[in-house]
Amino acid sequence: MNSDKIIIAIDGYSSSGKSTMARMLAKTICYRYIDSGAMYRAVTLYAMDHALINTDGTVDTAGLIASLDDINIDFKLENDSQYTILNGVVVEDRIRSLEVSGHVSPVAAIPEVRHSLVKMQREMGATKGIVMDGRDIGTVVFPDAEMKVFCDASPERRAERRYKELTAKGENVTFEEVLANVVNRDRIDESRDESPLRCAHDAIRLDNSSMSIDEQNEWLLELYQKTISRHNL
Ligand code: DC
């Protein structure tokens, strides 16, 4: 066990800027970064590609559970960018589409899907030195994480960020569609029975509605420095 390293859990609402700041912190302090949302997105893409999403948009839960052992998710780091790999194929762009965003919350609400991904996430953090972002990292995956942050921003601000990201990639979406997706995902993520989106009792809350990316990064780095000095590392 690498006792000089810690686990950093960054949770929060969709498009609340978690991934951007988590990735930057990991790079600065030479930790591994894991985007747990990408793992739920990869399972969703697998379901879409294997006809496990019914025509009415519901999930073929039994079919997906039966396929879980066939889903292999990995990440590769290249030129500072992280790419999600599903069964040997890079799917980074495909998992970010609005179509995947539209199906991911019901997939992420299936307990068996969560158990399988949480197991993988804990293995990734077994030697510490990891920054992981998601919805349940500080509450379920690593309840003993030394540093926990919970991010929020107004739905409009979050939708605006996501809209810019998607249109920059050439996706044909409207701001209203993106806002509806953000609000709907938050509702499902917060109200599901299995590990719903919650702020851990010992997490530091950050509302970054009016913060720039640089300000966010600085805030997070300062919190990290305070945390390691508190742990005498
Ligand atoms: O962070 P994101 O928007 O890429 O996450 C996609 C979806 O995955 C999100 O709507 C909820 C789900 N998710 C989850 O339930 N638990 C996590 N740890 C990460 C994501």
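Residue numbering note: each chain is counted from 1, following its sequence as written. The predicted origin of the model limits local features to residues at a pLDDT of at least 70 and limits the giving and counting of side-chain atom pairs to 80 or more, whereas totals for whole chains, interfaces and linings rest on all residues. Side-chain metrics in this entry use all non-hydrogen atoms of the structure; hydrogen atoms and water are not considered.

**Some details on the overall build of the protein**
- Broken down by element type, the protein carries ten helices and eight strands.
- Since a compact globule built from 233 residues should have a radius of gyration of about 17 Å, the 17 Å found for the protein is in line with a globular shape.
- Across its three principal directions, the C-alpha atoms of the protein cover 55 × 40 × 35 Å.
- Among the 233 residues that make up the protein, the fraction classed as buried is 50%.
- By element, 49% of the accessible surface of the protein is carried by carbon and sulfur atoms, the whole surface being about 11300 Å². Every helix listed is a DSSP run of H or I at least four residues long, and every strand listed is a run of E at least two residues long, numbered separately from the N terminus. Between the two quantities, the radius of gyration covers C-alpha atoms and the globule rule is 2.2 Å times the number of residues to the power 0.38. Burial here depends on accessible area, computed with a 1.4 Å probe over protein chains only, as a share of the maximum for the residue type. Under 20% is buried, over 50% is exposed, and the range in between is partly exposed. In this description, accessible areas are obtained by the Shrake-Rupley approach with a 1.4 Å probe, and a residue is regarded as covered only by the protein chains that are shown.

**With respect to the packing of aromatic side chains**
- Classification of ring pairs uses Phe, Tyr and Trp, with its six-membered ring standing for Trp, and accepts pairs whose centres are within 6.5 Å; under 30 degrees between planes counts as stacked, over 60 as edge-to-face, and the remaining range as tilted. All chains considered together, the criterion is met by three aromatic pairs.
- Geometrically, the ring pair formed by Tyr31 and Tyr224 is edge-to-face, given 6.2 Å between the ring centres and 80 degrees between the ring planes. Separated by 193 residues along the polypeptide, Tyr31 in the loop between helix H1 (18-29) and strand S2 (32-35) and Tyr224 in helix H10 (residues 213-230) bring together distant segments of the chain. Of the two residues, Tyr31 and Tyr224, neither departs from the other in class, the shared state being buried.
- A ring has a charge above it when a Lys NZ or an Arg CZ is no more than 6 Å from the ring centre and no more than 35 degrees off the ring normal. A cation over an aromatic ring shows up here: Lys76 above the ring of Tyr83, its NZ or CZ 5.9 Å from the ring centre.

**Let's talk about the side chain of Ser105**
- Summarising the element assignment, Ser105 is placed in helix H5 (residues 98-108).
- Owing to a relative accessible area of 3%, Ser105 belongs among the buried residues under this scheme.

**Here we look at the sheet that holds strand S4 (residues 81-86)**
- In this scheme, strands are said to pair when DSSP sees at least two bridges between them. Spatially, the three strands line up as an open sheet ordered S3-S4-S5, and their pairing is antiparallel. Each end of this open sheet is capped by a strand with a single partner; those strands are strand S3 (73-78) and strand S5 (89-90).
- Relative to S4, S3 is paired through six bridges, and the arrangement is antiparallel. Opposite Asp74, over in S4, you have Ile85 as the bridge partner.

**Digging into helix H8 (residues 155-168)**
- Over its 14 residues, H8 extends 20 Å from the first C-alpha to the last, a length consistent with the 20 Å expected when each residue adds 1.5 Å.
- When H8 is considered as a whole, its buried residues turn out to be Arg158, Ala159, Arg161, Arg162 and Leu166. Mapping the buried residues of H8 onto a view down its axis gives an arc of 160 degrees, with all of them on the same face. Along H8, exposed side chains directed more than 90 degrees from the buried face belong to Lys164 and Ala168.
- Contacts were defined at the residue level, with two residues in contact if any of their heavy atoms lie within 4.5 Å. On its buried face, H8 sits against helix H2 (36-49), H5, strand S7 (147-152), helix H9 (175-191) and H10.
- One or two steps after H8, the chain reaches Gly170, where phi turns positive at roughly 90 degrees. Between the first and last residue of a helix there are one fewer steps than residues, each counted as 1.5 Å, and that sum is the expected span. Note that the arc is computed from the directions linking the helix axis to the C-beta atoms.

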